[in-house]
Amino acid sequence: MVSSEQRRRELAREKYKRQMDARVEAAAKRRKRNTLVGGIAAVVALAGIGALATGCSFSDDKKDDKKAAAAPTPSPSKSGKYAAEPPMSIDAKAPYTATMDTSAGKVTFTLDAAKAPHTVNSFVFLAGDHFWDNTKCHRLTTEGIFVLQCGDPTGTGSGGPGYEIPDENLTGATYPAGTVAMANAGPNTNGSQFFLVYKDTQLPPNYTPFGKITGGLDVLQKVAAAGVTPGATGSTTDGAPATPVNVAGITAAKG
């Protein structure tokens, strides 16, 4: 017999799947529109709306949130600033670590270059180029899935670096507390948005897991406990975090 709690979680997962499907469809339409416009104008434009954390919705979702947390507005000029994925420059056999300095506290994590080389290479590149300086984590989800989503330079859920990278490390992927994974708008649409799992979460293996939190999980749990700021949808479980998480910068290095 299914308990009321199990049923509630099942309904929540179904709701997020519907949201993800709608966002993937919208992202596809945007890419098609951009392609047509680019052809007409004879201009080559790489949008990079990977959308990312889209789905789980972990996707870069244009949609939801124009909701504003009380955080400084990131520079929109960062979104789409790169024409292509950076060349491979990391040592896939070496360990890498990252530190994210935020207004809520510091979060540290390891990066799995061996299992997700393209993802880690992109992450190290963007961190080194200060792509995430003075941005914010724009989305917190506290029901069904338990994640904080970051990495969008526009703070809207639709921004990205201008390129997309392939999915990696999906075979048998799970998302326990402490997982760091890429958000997306569908297969192979990863960009700069990622999410931090602060409580064991069940998701389909569609989001590249590329890191493990080694410090600051309590920071995320404290942010989650404060809840979200209801946006246009009025949701009290999915929106901008009530405690703003402003990212001063992210550093990533070998060792």
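Rules used throughout
- Residues numbered from 1 in each chain as written.
- Predicted model: local features only at pLDDT ≥ 70, side-chain atom pairs only at ≥ 80, totals over all residues.
- Heavy atoms only, no water.
- Buried < 20%, exposed > 50% of the residue type's maximum accessible area, 1.4 Å probe, protein only.
- Helix = DSSP H or I, 4+ residues; strand = E, 2+ residues; numbered from the N terminus.
- Pairing = 2+ DSSP bridges.
- Disulfide = S-S within 2.5 Å.
- Expected span 1.5 Å × (residues − 1).
- Polar contact = N/O pair within 3.5 Å; in protein donor to acceptor, adjacent residues only side chain to side chain.
- Contact = heavy atoms within 4.5 Å.
- pLDDT = per-residue confidence, 0-100.

Let us now look at the pairing of strand 9 (residues 194-197). Successive side chains on a regular strand alternate, one facing one side of the sheet and the next facing the other. The side-chain alternation of strand 9 yields two buried faces, one formed by Phe194 and Leu196 and the other by Phe195 and Val197. By the bridge criterion, four bridges tie strand 7 (residues 147-150) to strand 9 in an arrangement that is antiparallel. Following the sheet pairing, Leu148 is matched in strand 9 by Leu196. Where strand 8 (residues 179-182) meets strand 9, three bridges bridge the pair, whose relative direction is antiparallel. Residue pairing across strands places Met182 opposite Phe194, the latter belonging to strand 9.

This part is about the environment of Lys93. Locating Lys93 in the fold gives a position in the loop between strand 2 (58-59) and strand 3 (96-102). Distance in space between the C-alpha atoms of Lys93 and Asp112 is 9.2 Å, their sequence separation being 19 residues.

In most cases, non-glycine residues show a negative phi, while peptide bonds are predominantly trans. Positive phi outside glycine occurs at Asn134, with the angle close to 60°. With respect to the helices, strands and loops of the structure, Asn134 is situated in the loop between helix 2 (117-128) and strand 5 (135-136). Despite not being glycine, Asn188 shows a phi value in the positive range, around 60°. With respect to the helices, strands and loops of the structure, Asn188 is situated in the loop between strand 8 and strand 9.

Applying the stated rule across the entire model yields one disulfide. Here Cys137 engages in a disulfide with Cys150; their sulfurs sit 2.0 Å apart. Residues Cys137 and Cys150 are joined by a disulfide whose S-S torsion is about 95°; by sign, that bridge is right-handed. Here Cys150 lies in strand 7 and Cys137 lies in the loop between strand 5 and strand 6 (139-141), a separation of 13 residues in the sequence. One exposure class covers both Cys137 and Cys150, and it is buried.

Let us look at helix 2. Given a rise of 1.5 Å per residue, twelve residues ought to cover 16 Å, and the 16 Å separating the end C-alpha atoms of helix 2 matches this to within 8%. One or two steps after helix 2, the chain reaches His130, where phi turns positive at roughly 60°.

On strand 3, burial follows the alternation: Tyr96, Ala98, Met100 and Thr102 on one face are buried, whereas Thr97, Thr99 and Asp101 on the facing-out side are not. Pairing between strand 3 and strand 4 (residues 105-111): seven bridges, direction antiparallel. Among the inter-strand pairings, Thr99 is bridged to a residue of strand 4, identified as Thr108. Where strand 3 folds back on strand 4, the antiparallel hairpin that results is connected by two residues.

Before going further, it helps to examine the side chain of Lys78. With respect to the helices and strands, the residue Lys78 is situated in the loop between strand 2 and strand 3. Looking at Lys78, its side chain comes within polar contact range of the main-chain oxygen of His130, at 3.4 Å. At 2.5 Å, the side chain of Lys78 forms a polar contact with the backbone oxygen of Asp133. Sequence-distant contacts of Lys78, that is, excluding residues within four places in its chain, are made with His130, Phe131, Trp132, Asp133, Thr135, Pro153 and Gly160.

Further remarks concern the confidence of the model for the protein. Atom-level detail of predicted coordinates should not be read off regions where pLDDT is low. Per-residue confidence for the protein gives a mean pLDDT of 80, with 70% of residues at or over 70. Note on residues 27-57: pLDDT is under 50 here. Beyond four places in sequence and across chains, it has 78 contacts. Every residue in residues 60-76 is under pLDDT 50, and counting partners more than four places away or in other chains gives 56 contacts.

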